[in-house]
Every structure is written in structure tokens, then in C-alpha cells.
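# Summary of the model geometry
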Amino acid sequence: MTLVRWNPWREIDTLQRQINNLFEENIAPSGSFARNLVRVPAAELQETEDAIHLKLELPGMSAKDLDIQVTEDAVHISGERKSETKTQQKGAVKSEFYYGQFQRIIPLSARVENTKVTAEYKDGILNLTLPKADKERNKVVKVNLEQPTA
């Protein structure tokens with residue numbers, strides 16, 4: 001029986017190589033890893049004085065597959081991208097498309113009038129215009145600085 005000394009640096013080196021291998025593979029995650037990821041649409045928020053503008057990427061989805069709910073302080077979006085069933089005689093199909101359900105809650109930085117929200121869905125991009133509530137629009141706070149007395 002041979003006695004082998006334990007070297008903690010060897011284990012750290014092995015871990016480092018495994019992590020590097022993860023990032024050296026394709027940029028798109030591999031099949032088994034991707035199945036465990038929760039996919040949510042990418043979002044972009046822009047705030048102006050009067051409204052909050054929210055853009056969401058939803059490629060390949062139809063408007064009827066989306067459920068959008070707006071509260072005074074958040075946007076709740078959920079939907080399902082359904083797979084297209086195709087039959088092929090020969091060959092294999094590899095797909096990196098994600099099919100299935102998703103949901104996302106996007107908190108808003110200001111209160112909005114959720115009854116006056118407008119939406120536009122075109123070319124896989126959902127644009128929501130969320131008008132700010134009147135009390136948020138005119139919210140100005142004056143700060144008084146007091147001089148310390150000596």
C-alpha cells in the first residue's frame with residue numbers, strides 16, 4: 001500500500017479547471033444545464049418626469065400567450081412559448097430555443113396610475129408606458145440646511 005500525501009492545492013487546481021471548462025464551452029448553455037435554468041424576458045426601464053417606459057424582449061410569442069398585470073408599484077408578466085411540432089423523415093434536430101412557461105415581476109421605482117397604462121407589441125418587443133401617479137409627478141422635497149452655531 002502506497003501512502004499519498006494530501007495536497008489541498010491540487011483540489012483547488014482541479015476546481016479551477018472545471019470552472020474554466022464551463023466557460024470555454026459554447027456560450028449557449030448545454031442541454032442538461034439549460035433545462036434547470038428559469039428563463040425570464042430581458043427588460044429595459046426608462047424613467048421620465050411623467051412616466052416609466054418598460055420594454056420587454058419576447059421573441060416568437062404572440063400577444064394571446066401573454067398575461068400582463070400592473071399594480072401601482074410593479075408589473076407582473078407571465079406567458080408561455082409553445083413549441084412547434086414538426087415531423088421530419090430523416091436527420092436530427094438540435095434546438096436551443098426555450099419553450100415553456102415563464103413569469104417575472106418587475107418592481108417600479110415610483111407609483112403609477114395602473115388604469116392608464118398603454119401597451120404596444122411589435123416585432124417581439126413589448127412596450128409599456130406607465131404614467132406616474134400625480135403625487136409622484138409633483139413630488140419635490142425641500143431640504144433646509146442649518147448652519148451650526150459656534
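In this report, we go over the structure that sits alongside the text. Since this is a predicted model, take the numbers as computed values, not measurements.

### Describing the overall build of the protein chain
- When you go through the protein chain residue by residue, the secondary structure sums to three helices and seven strands.
- Traced from its N-terminal end to its C-terminal end, the protein chain shows the element sequence α-α-β-β-β-β-β-β-β-α.
- A total accessible area of about 12900 Å² is found for the protein chain, and carbon and sulfur atoms account for 51% of it.

### Some remarks on unusual backbone geometry
- Residues other than glycine seldom take positive phi values, yet Asp 123 does so here, at roughly 55°.
- On the accessibility criterion, Asp 123 (73% relative accessible area) is exposed.

### Examining the sheet that holds strand β4 (residues 74-81)
- The strand order across the open sheet formed by three strands is β3-β4-β5, and the pairing between neighbours is antiparallel. Each edge of the open sheet is held by one strand with a lone partner, namely β3 (66-70) and β5 (100-107). The average undirected angle you get between the axes of adjacent strands in this sheet is 10°.
- Of the pairings in the sheet, the one linking β3 to β4 comprises five bridges and is antiparallel in character. Bridging from a neighbouring strand, Leu 66 pairs with Gly 79 of β4.

Reading guide: rules and limits
- Within each chain, residue numbers correspond to sequence positions counted from 1 in written order.
- Only residues with pLDDT of at least 70 get local features here, since the model is predicted, and only at 80 or more are side-chain atom pairs given and counted; chain-wide, interface and lining totals rely on the full set of residues.
- Note that water and hydrogens are dropped before the side-chain values are worked out from all heavy atoms of the structure.
- Note on conventions: DSSP H or I runs of at least 4 residues are helices, E runs of at least 2 residues are strands, and numbering of each starts at the N terminus.
- Values of accessible area rely on a 1.4 Å probe in the Shrake-Rupley scheme; residue burial ignores everything except the protein chains shown.
- To sort residues, take the accessible area from a 1.4 Å probe on protein chains only and compare it with the maximum for the residue type: under 20% means buried, over 50% means exposed, and anything in between is partly exposed.
- Pairs of strands are assigned from DSSP output, requiring at least two bridges between the strands.
- For helices, the fitted axis covers only the stretch in contact; all axes are lines through C-alpha atoms, and the angles between them, taken along N-to-C directions, range from 0 to 180 degrees.

All quantities given are derived from atomic positions and should not be read as evidence of function.
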